[in-house]
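Working through the structure, step by step
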Amino acid sequence: MIVAGRQGISIYTPSPHNNVKPPFVPNFYPTVTPDDIKEALKQVKYPGFSRDIVSFGLVRSAALVGDTAKVSLALTTSDPKIPLHIKQEVDKCLRALPGVKATVIDVAVAPARTASAPGGNLGGNAGAPKTIKYAIAIASGKGGVGKSTFAVNLACALAQLLTAQGRPGRVGLMDCDIYGPSVPLMIGLDGRPQVEGDNLIPMEKHGVKVMSMGFLVDDNTPVVWRGPMIMKTIQQFVQNVKWGELDILLVDLPPGTGDAQLSLVQTLPLDGAVLVTTPQPAATNVARKGGLMFQKVNVPLLGVAENMSYFLDPTGQKHTIFGEGGGQKTADSLGTVLLGQVPLIPEIRAGGDAGKPIVVTTPNSPAAVTFRDIGDRILLQLSRKPVPGTT
Ligand SMILES: Nc1ncnc2c1ncn2[C@@H]1O[C@H](COP(=O)(O)OP(=O)(O)OP(=O)(O)O)[C@@H](O)[C@H]1O
Ligand SMILES: [Mg+2]
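Not measured: the values here are computed from a predicted model.

1. A word on the packing of helix α7 (residues 281-296) against helix α8 (residues 326-334)
- Between α7 and α8, whose axes approach to 10 Å, the crossing angle comes to 25°. Comparing their axes, α8 and α7 come out roughly parallel. You can see that α7 and α8 cross each other, and the crossing is right-handed. Residues P281, A283, T284, A287, R288 and G291 of α7 form the contact with α8, whose own contacting residues are G326, K329, T330, S333 and L334.
- Residues of the contact of α7 with α8, tallied by class, amount to four nonpolar, five polar and two charged.

Following this line, the structure appears as structure tokens:
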């Protein structure tokens, strides 16, 4: 039995021949374990986030040796202030633990992806496959604004554009909505992906390679996700899916700016984010918050896409059901561009429900043309940004 007191650690071994009671130690406190240290480090938030460094996976090891707490951290950032700040906070936190008189804090810092294209990578688990040229998040903030519909149609539009440039099979779509994955239904895919060793082979439709939690969990099984599980799943979608050579990987995010968004930012260096919003203030206000989150972690905003911008009635008259100008306003306030305005039309909804995206079924419709225009703009913006070490 180990008893720790202010006087130090004394060892008391009970035996059948030894009737001596353990020494009375007035200021008793238990030995601090690595788990205790990690628990305490949950008080240290990543600068600018409400999430802590432990749940971000930045703590590599923790131990108390004598009266010295030793902690090692790994993070990826190009901002020298961040490791410094985290180190100071960790030191404060460790010194508040019982029995800790000194600290050794080792912080391994890897630079973010490139200087010109920082990629908003917070954590130490970085590792986008080198075969993926550009990874783009499709985000919104508010739910139900049509992100998944937009992501599916944009992916199909990009596949058409790249195929026309002699680059077929170079678009991927990763459905990170683990709570309500809708991409398989919207793109018309069913069944399970094949497994090759430790890797999953993405399913393919309309020239787009797709991975979704919807392929892996039963429709009727509610899944209760915790932060670390979300992180692990997103990591696996990035690292254990054989995407092959991709020019562009679109990542459809669940609504909000919570765990999934932050885990993604930590796991996959993003080359950009597209914000989807409807025109009304209820959506644009949250979209703006989402945009600020990406800017905070150095993910460049490629622009805002306004969905459900107007309804065209059979006589050809425009009705701005959700108001006007929200997309442009959001883009202006974030210092980015409005990529395009997608109409609210029954064919888009029906195409989503039937797994037949309008871009594929009616490629010459005004909506399909809008999606390809947006795709063109995104490709143009990305082509101006060199990413070393990729083909
Ligand atoms: N431009 C559009 N015209 C008509 N219907 C649309 C349009 N965009 C989306 N919808 C419909 O709106 C509904 C919500 O769209 P979707 O699921 O893509 O939104 P989401 O932002 O991904 O939602 P969530 O936040 O739950 O992930 C769907 O039924 C979809 O078919
Ligand atoms: Mg969705």
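2. Comments concerning the environment of G323
- Along the chain, G323 falls in the loop between β15 (318-319) and α8.
- Its 14 C-beta neighbours within 10 Å are what place G323 among the partly exposed residues.
- When the C-alpha positions of G323 and M308 are compared, they lie 9.8 Å apart, and in sequence the two are 15 residues distant.
- Ignoring any residue separated from it by four or fewer positions in sequence, one finds G323 in contact with P279 and Q280.

3. Re the packing of helix α3 (residues 147-164) against helix α11 (residues 366-383)
- Packing of α3 against α11 leaves a shortest axis separation of 8 Å and a crossing angle of 70°. The angle between α3 and α11 places the two elements in the roughly perpendicular class. Both α3 and α11 take part in a crossing whose hand is right-handed. Within the contact between the two elements, α3 uses N153, L154, A157, L158, Q160 and L161 and α11 uses F371, R372, I374, G375, D376 and L379.
- Per-class residue counts for the contact of α3 with α11 are seven nonpolar, three polar and two charged.

4. What about the site of ligand 1?
- Around ligand 1, the surrounding shell holds 21 residues, and the nearest of these are G143, G146, K147, S148 and T149.
- Residue assignment for the shell around ligand 1 shows that the elements contributing at least two residues are α3, β14 (301-312), β16 (338-344) and α9 (346-354).
- Broken down by class, the residue content of the shell around ligand 1 amounts to eight nonpolar, ten polar and three charged.

5. Observations concerning unusual backbone geometry
- In this structure, H206 is a non-glycine residue whose phi angle is positive, near 50°.
- Unusually for a residue other than glycine, M308 sits at a positive phi of about 55°.
- On the secondary structure map, M308 appears in strand β14.

6. Examining the nonpolar core
- Among the nonpolar cores identified, the biggest contains 76 residues, and I136, I138, A155, L250, V251 and A273 are the most heavily contacted of them.
- With residues up to four places along the chain from it excluded, the contact list for L250 reads I136, I138, A151, L154, A155 and L173.
- Of all hydrophobic cores here, the second largest spans 19 residues; its members include I37, F56, L58 and L94.

7. Notes on the pairing of strand β6 (residues 132-139)
- Among the eight residues in β6, seven count as buried, and that is most of the element.
- Strand direction decides the pairing type here: β6 and strand β12 (residues 246-252), joined by six bridges, are parallel. Considered in β12, the bridge of I136 is made with L250.

The rules behind the values
- One numbering rule holds for all chains: residues counted from 1, following each sequence as written.
- Chain A is the first chain written and ligand 1 is the first ligand written, with later ones labelled in order.
- Where totals are concerned, whole chains, interfaces and linings use all residues; where local detail is concerned, this predicted model gives features only for residues with pLDDT of at least 70, and gives and counts side-chain atom pairs only at 80 or more.
- In this analysis, axes come from line fits to C-alpha atoms, helices being fitted only over the stretch in contact, and the angle between any two N-to-C directions falls in the range 0 to 180 degrees.
- Strands here are runs of E lasting at least two residues and helices are runs of H or I lasting at least four, both read from the DSSP assignment and numbered beginning at the N terminus.
- Any angle that is under 35 degrees is reported as roughly parallel, and any over 145 degrees as roughly antiparallel; angles of 65 to 115 degrees are reported as roughly perpendicular and all others as oblique.
- Here is the rule for handedness: rotate from the far helix to the near one, and if that takes an anticlockwise turn smaller than a right angle the crossing is left-handed, while a clockwise turn gives right-handed.
- Our contact criterion uses C-beta atoms placed from the backbone: two residues qualify when those atoms are within 7 Å.
- Polar here means any residue other than Ala, Val, Leu, Ile, Met, Phe, Trp, Tyr, Cys and Pro, which are nonpolar, and Asp, Glu, Lys and Arg, which are charged; Gly is therefore polar.
- Partly exposed residues are those whose C-beta has more than 12 but fewer than 20 other C-beta atoms within 10 Å; 20 or more makes a residue buried and 12 or fewer makes it exposed, with C-beta atoms placed from the backbone.
- In this entry, near means the residue's backbone-placed C-beta atom lies within 6 Å of the molecule or strand.
- Joining buried Ala, Val, Leu, Ile, Met, Phe, Trp, Tyr and Cys residues through C-beta atoms within 7 Å gives a set, and that set is a nonpolar core.
- Paired strands, in this sense, are two strands between which DSSP finds at least two bridges.

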